[in-house]
Amino acid sequence: MPTPQMTMSRRQFLAATALTGLASACGSAPATDPAAFRSEVRVPPLLEPTRGKDGTLAFALTMRRGRSELLPGGPVETWGFNGAYLGPTIRAARGDKVRMTVTNRLAEASTVHWHGMRLPARMDGGPHQPIEPGATWSPHWTVDQPATTSWYHPHPHGATARHVYRGLAGMFIVDDGPAELPSRYGVDDIPLILQDKVLDAAPDPLKGTFGILGDHMLVNGTYRGFAHVRTERVRFRVLNGSNARRYHLTFADGRTFHVVGGDAGLLAAPVEVDRVSLSPGERVEVVVAFTGGEQVLLRTVSGSDDIDEGDFDLLRIVAAPRLAGSPPLPGRLTGAPAPIVVPSGARVRRFRLNGHDAINGKEMDMSRIDEVVPAGAVEIWEIENTVYAHNFHIHEVAFQVLDVDGTEPEAWAGGHKDTVYVPPKSTVRLAVRFGEFTDPGTPYMYHCHILRHEDSGMMGQFVIVKPGTEDRVPRTIPVQHHM
């Protein structure tokens, strides 16, 4: 493989070409001039915790209304955590005790779900843990999972799409990885939250087959933004925070880069690619090499599955004339979780995604328990998609994709995950490992993470119980509050 020094002139030429005439559409017009990317991309601040006498890290979040000028045309009403739009990044290490103080200053109830976190069901923040206007919720747990990029967002049944679209989302980083990976937040370890928007200030998130599919792209809430890089290698933690859009991410000059992690942990070794794909809720960690003085566009290219149509430029990356050195990527990544091994005779559960509002022929019912799983189980889940594009997210668990219609996933997508794209009229098989937190009366969710579908009823519930008690668990639960 050529070194960065060997490919410097080619990269700079290709990047300049892309920026001066061959850039794809960004928003409603081609971005033919680097000046079109004139706003420095926002980097969400790190949320500083307070430390209790017992060592617990206390993080405070407040859901509130605000006004933001996200797109041309003036400010609009937005929602955010601790600010007008999006939320700060939470960062903790494996072994930390954490307590979240979440206060709702909105005019309606909401929830906060810790997407990708392994924690008790009562702390999960699904639709059964609503936070009323003016109220405060204080979940707590011990972080006990490998290094990962997770995130937090609302999960009120029937209103998730609207609450997320208005801006309630933020990253939650768990540290437990190798020192060789870039890790200086905002310097060589940069979050990228991808969202698509429409110019209409109040689009209907439950209209149409997929809900909102915008044609104006935001990165960390910034439209047509640029990011300065000052090191030879940069780690980007990329989150698809859109309601429905699927992204196929690549660089305008065709450069390769390395995937080092996915939804639920690092890969065993870096994987070289020139493109990665993310459906709503999925995350990927990539390390990209740069040379001094170059510029390049990060873009998404069109696919063929309705939710990925259109070529859009997302972000201009500008390298400083002189870059600080970065250690080489290690050949193996310490801290990567062990492969999930399916035992002989493992239970197989089958789920059929029907239209946009049902799983196995049933719409979501908050009082119904659909599945009962013994703690610590490893199972095979088969997800059959009968129609158009869907994806599938399971709370609490980590899984690995066994195959998509009999074909193994690409190496970069073969690590631990919690959300997976399910192509139209296909079947995805997952090796799913469940945690040890038992609670027969409080469920976790599984659902399509296209938020219009989730809100319309494409969601089910499962509880984790002590092994051997599965047949004694009630299949209905009382619902204290129904959004």
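Please read all numbers here as calculations on a predicted model, not as lab measurements.

Cut-off values and rules
Residues numbered from 1 in each chain as written. Predicted model: local features only at pLDDT ≥ 70, side-chain atom pairs only at ≥ 80, totals over all residues. Heavy atoms only, no water. Helix = DSSP H or I, 4+ residues; strand = E, 2+ residues; numbered from the N terminus. Rg over C-alpha atoms; globule rule 2.2 N^0.38 Å. Buried < 20%, exposed > 50% of the residue type's maximum accessible area, 1.4 Å probe, protein only. Phe/Tyr/Trp six-rings, centres within 6.5 Å; stacked < 30°, edge-to-face > 60°. Polar contact = N/O pair within 3.5 Å; in protein donor to acceptor, adjacent residues only side chain to side chain. Salt bridge = Lys/Arg side-chain N within 4 Å of Asp/Glu carboxyl O. Pairing = 2+ DSSP bridges. Axes fitted to C-alpha atoms, helices over the stretch in contact; angles between N-to-C directions. Core = buried A, V, L, I, M, F, W, Y, C linked by side-chain atoms within 4.5 Å. Contact = heavy atoms within 4.5 Å.

Engineer: Where do I start with the overall build of the chain in this structure?
Structural biologist: When its secondary structure is counted, the chain shows three helices and 35 strands. Its C-alpha radius of gyration of 22 Å places the chain within 12% of the 23 Å reference for a compact globule of 483 residues. Seen through its principal axes, the chain has C-alpha atoms that stretch 70 × 55 × 50 Å. Looking at the chain as a whole, 59% of its 483 residues are labelled buried.

Engineer: Whenever I open this one, unusual backbone geometry confuses me. Can you help?
Structural biologist: Working note: non-glycine residues mostly have negative phi, and peptide bonds are mostly trans. Of note, the phi angle at Asn82 is positive, near 60°, even though the residue is not glycine. Relative to the elements of secondary structure, Asn82 occurs in the loop between strand 6 (76-81) and strand 7 (90-93). The class for Asn82 is partly exposed, based on a relative accessible area of 36%. The phi dihedral of Lys425 is positive, around 50°, even though this residue is not glycine. Examined against the element boundaries, Lys425 turns out to sit in the loop between strand 32 (419-422) and strand 33 (427-433).

Engineer: Looking at this structure, how should I read the packing of aromatic side chains?
Structural biologist: Aromatic ring pairs are reported here in terms of the distance separating the ring centres and the angle at which the planes meet. Per the stated rule, a full pass over the model turns up 19 aromatic pairs. Aromatic side chains Phe251 and Phe257 sit 5.5 Å apart centroid to centroid with 80° between the ring planes, which places their arrangement in the edge-to-face category. There is no split in this pair, since Phe251 and Phe257 are both buried. The interplanar angle of 25° and the centroid separation of 6.4 Å between the aromatic rings of Tyr446 and Phe462 together place this pair among those described as stacked. With a gap of 16 residues between them, Tyr446 in strand 34 (residues 444-447) and Phe462 in strand 35 (residues 459-465) connect regions that are remote in the sequence. Classification of Tyr446 as buried rests on a relative accessible area of 2%.

Engineer: What is the right way to look at the side chain of Arg255 in this model?
Structural biologist: Mapped onto the secondary structure, Arg255 falls in the loop between strand 19 (247-251) and strand 20 (257-262). Arg255 sits in the buried class, given a relative accessible area of 3%. Within the structure, the side chain of Arg255 is placed 2.8 Å from the side chain of Asp253, a separation counted as a polar contact.

Engineer: I tried to follow the pattern of salt bridges on my own but got confused; where do I start?
Structural biologist: Opposite charge on two side chains lets them pair, provided their charged atoms get close. A complete count under the given rule lists 27 salt bridges for this structure. Across the pair Asp196 and Arg245 runs a salt bridge whose closest N-O atoms are separated by 3.1 Å. Of this pair, Asp196 sits in strand 14 (residues 189-197) while Arg245 is found in the loop between strand 18 (233-240) and strand 19, placing the two residues 49 residues apart along the sequence. In this pair, the class of Asp196 matches that of Arg245, namely buried. The shortest N-O distance in the salt bridge between Arg349 and Glu379 comes to 2.6 Å. Remark: Glu379 occurs in strand 29 (residues 378-385) and Arg349 occurs in strand 26 (residues 348-354); sequence separation between them is 30 residues. We classify Arg349 as buried; its relative accessible area is 4%.

Engineer: Could you clarify how one ought to interpret the sheet that holds strand 3 (residues 39-40) in this entry?
Structural biologist: Reading across the sheet, the six strands line up as 3-17-25-24-19-22 and stay open at both edges, with mixed pairing between neighbours. The open sheet has two free edges, formed respectively by strand 3 and strand 22 (276-278), since each of these has just one partner strand. Sheet analysis places strand 17 (residues 225-231) next to strand 25 (residues 312-324), joined by six bridges and oriented parallel. Across the sheet, residue Thr231 finds its bridge partner in strand 25, namely Ala324.

Engineer: Just to check I follow, could you spell out the pairing of strand 17 for this structure?
Structural biologist: Successive residues of a regular strand alternate their side chains across the two faces of the sheet. With respect to burial, strand 17 is a largely interior element, five of its seven residues being buried. Here strand 3 pairs with strand 17 via two bridges, running parallel. Pairing of Glu40 across the sheet is with Phe226, part of strand 17.

Engineer: Sorry if this is basic, but what is going on with the sheet that holds strand 7 here?
Structural biologist: Strand pairs in the sheet, formed through backbone hydrogen bonds, run parallel or antiparallel to each other. With mixed pairing, the four strands of this open sheet are ordered in space as 7-13-12-9. In the strand order of this sheet, the two ends are held by strand 7 and strand 9 (113-115), each with one partner. Averaged over all adjacent pairs, the angle separating strand axes in this sheet is 25°, with direction ignored.

Engineer: I would appreciate a short explanation of the nonpolar core in the present structure.
Structural biologist: Soluble globular proteins: nonpolar side chains tend toward being buried together. Counting residues in each nonpolar core, the largest one holds 36 residues, and the members touching the most others are Leu192, Phe236, Leu249, Phe290, Leu314 and Leu315. With 32 residues, the next largest nonpolar core counts Phe210, Phe351, Tyr444 and Cys448 among its residues.

Engineer: What's the story with the environment of Trp137 in this structure? I'm lost.
Structural biologist: Looking at the secondary structure, you find Trp137 in strand 10 (residues 136-137). Look at Trp137 and you get buried, because its relative accessible area is 14%. The spacing of Trp137 and Thr160 is 23 residues in sequence and 18 Å in space, taken between C-alpha atoms. Setting aside its immediate chain neighbours within four residues, Trp137 contacts Met100, Thr101, Val102, Val112, Trp114, Arg122, Met123, Asp124, Gly125, Gln129 and Ile131.

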